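Each chain is listed here by its residues.
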2 protein chains.
Amino acid sequence: MSGPMGRSTGSARRTQGILGGRSEQVVRRALDAAVVELARSGYAGFRMDAVASRAGVNKTTIYRRWPSRAALITALVSVMRTPLRESPLPNTGQIESDLVHAFTRRFTFGRKMEGRAWARLLEERHNPEVEAIIADAVDERRDEWRLMVTRAIDRGELPPGTDAQLLLDLVRTLVDSRGSSGRLDTIWLTLAVRTVIAGARAGTLVRGRKTRSVTGQPRHSLRGA
Amino acid sequence: MSGPMGRSTGSARRTQGILGGRSEQVVRRALDAAVVELARSGYAGFRMDAVASRAGVNKTTIYRRWPSRAALITALVSVMRTPLRESPLPNTGQIESDLVHAFTRRFTFGRKMEGRAWARLLEERHNPEVEAIIADAVDERRDEWRLMVTRAIDRGELPPGTDAQLLLDLVRTLVDSRGSSGRLDTIWLTLAVRTVIAGARAGTLVRGRKTRSVTGQPRHSLRGA
DNA sequence: CACGATGGCAACCCTGCGTTGCCATCTTGA
DNA sequence: TCAAGATGGCAACGCAGGGTTGCCATCGTG
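Residues numbered from 1 in each chain as written. Chains lettered and ligands numbered in written order. Predicted model: local features only at pLDDT ≥ 70, side-chain atom pairs only at ≥ 80, totals over all residues.

Caption draft 1: How the structure looks around the overall build of chain A. Secondary structure assignment for chain A yields twelve helices and zero strands. When the helices and strands of chain A are read in sequence order from the N terminus, they spell out α-α-α-α-α-α-α-α-α-α-α-α. Out of the 225 residues in chain A, the part that is buried amounts to 37%. (Helix = DSSP H or I, 4+ residues; strand = E, 2+ residues; numbered from the N terminus. Buried ≥ 20, exposed ≤ 12 C-beta atoms within 10 Å, placed from the backbone.)

Below you can see the structure in the form of structure tokens.
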């Protein structure tokens, strides 16, 4: 924790002109460290001390800027996904290709570490804190994603009445489940997309079609509460 | 923590004839409490103190029997899934019906709490400790599950060469992702099964068929390491 | 009824989150 | 130039939870 900041004299002043003021530098270093730690350890294993240590910054400083782990990671996600927010979704004229491209980009934006960090978050979506962070970063573009599917219906690639949100949920679930751990490759991604599309073509996702319950307990959760 | 055990006199001796010796009773109470806690809080939020408190037993006693949280939950899972291990997988003559039944049973064995606890575990599969516990409890029956699919191929329900393991992985991923939080109902379960089967019928899961990479980086993970 | 097995209790160590008080350094503007 | 306010470092703290330990109470069986 005795990096070029603080009581050391010299380097901070020297690099100042190029890299911005002391504060800006601390923020950059902290966020960079946080990405690495998130990618390494996921959300549950995320250690504030480790971030401080890696950033060469004191823990107190981190807490002064972001009052909690959730706040730090929220900020982090917002920053690292900025480039993604600005680029439009693909429109190749083929739904399969569109989806493969769109989902691929979920993990390959920015530098390597950013994709991996994002994948770890998606993996821990069952944690309410994590879900809040993801929702905060992602919910806005739901309509655009649906549009990809709607266009496919208009082109005749998918049957009319196909439930776009359902189709996307299915693919997203399959893709996100392998977002980290090196198990998400183009093979699995393509497979998931093609299989769900093939199912949709066969009409399994047409809205309103009666989903006959094979188990004999229709419309009820499999668990009580 | 001052339940009917320990220094209290009377009730322990009175109930002894019916419910077994002191040790057995402690084990039963501890495991019962652990199921409830696991169902409530999941693996990450699982508190040993809470188990002890709910069981009316001292924390020390828990640790004397199971040296760690992982050990306790491993034992718990082994006990609660015993009935499931003993019943054969369905064989209705229709792959869709077989899969819906088989996956439904994953969450409806035993009493309500047990299914919920199991679902929480599946949800946290990304945690290596949890993955080890699940693998320990489940891996043995992989071949029987595959057989369900193989029989469907023999019946002509699915194209020859269909990759049984892949098909099961896809369905399992979709089902497990909704195992808890009340979002796994028969609707989603049936939808997942039917869609994946429809995809498989269209040949997307035939082994060896070239999985053309749409992203231009075939056979490589989307992330570095 | 004596003795070994089992359990209760309280205190302890360790790690990690989040906080606090005090001091050093940096920056800025008069 | 220099004084004051902003920013950061440091060490110690309170708190919670996992896991451990020493000692004592109780149980239950020979």
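Caption draft 2: Expanded view of the confidence of the model for chain A. All names here are of chain A. Per-residue pLDDT for chain A averages 82, and the proportion of residues at 70 or more is 80%. Within the model, pLDDT remains below 50 along residues 1-19, and this stretch shows 15 contacts once partners closer than five positions in the same chain are excluded. Note that pLDDT drops below 50 for residues 211-225; the model gives that stretch 32 contacts with residues more than four away or on any other chain. (pLDDT = per-residue confidence, 0-100. Contact = placed C-beta atoms within 7 Å.)

Caption draft 3: Representation of helix α12 (residues 186-201) of chain B in the model. The end-to-end C-alpha distance of α12(B), which contains 16 residues, comes to 22 Å, matching closely the 22 Å that a straight helix rising 1.5 Å per residue would cover. With 14 of its 16 residues buried, α12(B) lies for the most part within the structure. (Expected span 1.5 Å × (residues − 1).)

Caption draft 4: Spotlight on the packing of helix α11 (residues 164-176) of chain B against α12(B). All names here are of chain B. Two elements in contact, α11 and α12, have axes separated by 9 Å at closest approach and are oriented at 155°. Relative to α12, the element α11 lies roughly antiparallel. Seen from above, α11 lies across α12 with right-handed handedness. For the pair α11 and α12, the contacting residues are Leu167, Leu170, Val171, Leu174 and Val175 in the first and Leu189, Ala192, Val193, Val196 and Ala200 in the second. In terms of residue class, the contact of α11 with α12 is made up of ten nonpolar, no polar and no charged. (Axes fitted to C-alpha atoms, helices over the stretch in contact; angles between N-to-C directions. Parallel < 35°, antiparallel > 145°, perpendicular 65-115°, else oblique. Left-handed = near helix turned anticlockwise from the far one by under 90°. Nonpolar A, V, L, I, M, F, W, Y, C, P; charged D, E, K, R; others polar.)

Caption draft 5: The arrangement of the nonpolar core in detail. Counting 50 residues, the largest nonpolar core has Val171(A), Ala192(A), Val171(B) and Ala192(B) as the members making the most contacts within it. Counting only elements with at least two residues in this core, the list comes to α7 (95-108), α10 (142-155), α11 (164-176) and α12 (186-201) of chain A together with α7 (95-108), α10 (142-155), α11 and α12 of chain B. Excluding residues within four positions of it along the chain, Ala192(B) makes contact with Val171(B), Leu174(B) and Val175(B). (Core = buried A, V, L, I, M, F, W, Y, C linked by C-beta atoms within 7 Å.)

Caption draft 6: Representation of the environment of Val36(B). All names here are of chain B. Inspection of the secondary structure assignment puts Val36 in helix α2 (residues 22-41). Of the residues examined, Val36 has 17 C-beta atoms within 10 Å and is grouped as partly exposed. Remark: the alpha-carbon pair of Val36 and Arg116, spanning 80 residues in sequence, is separated by 8.9 Å. In contact with Val36, other than residues within four places in its own chain, are Arg54 and Met113.

Caption draft 7: Region of interest: the environment of Gly110(A). All names here are of chain A. Note on placement: Gly110 falls in the loop between α7 and α8 (112-123). Overall, the presence of 16 C-beta atoms within 10 Å leaves Gly110 in the partly exposed class. The sequence separation of Gly110 and Arg201 amounts to 91 residues, and the corresponding C-alpha distance is 34 Å.

Caption draft 8: Broad picture of the environment of Ile95(A). Residue and element names in this part refer to chain A. Position of Ile95 among the secondary structure elements: in helix α7. Accessibility expressed as a C-beta count within 10 Å gives 21 for Ile95, which makes it buried. Between the C-alpha atoms of Ile95 and Ser53, which are 42 residues apart in sequence, the distance is 46 Å. Residue contacts for Ile95: discarding those within four places in its chain leaves Met148, Val149, Ala152, Glu157, Leu158 and Ile197.

Caption draft 9: Quick look at the packing of helix α5 (residues 69-80) of chain B against helix α9 (residues 128-138) of chain B. All names here are of chain B. Where α5 meets α9, the axes come as close as 10 Å, and the angle between the chain directions of the two elements is 30°. With respect to their mutual orientation, α5 and α9 come out roughly parallel. Note that α5 runs across α9; the crossing there is right-handed. For the pair α5 and α9, contact is made by Ala70, Ile73, Thr74, Val77 and Ser78 and by Glu129, Ile133, Asp136 and Ala137, respectively. The class makeup of the residues in the contact of α5 with α9 is five nonpolar, two polar and two charged.

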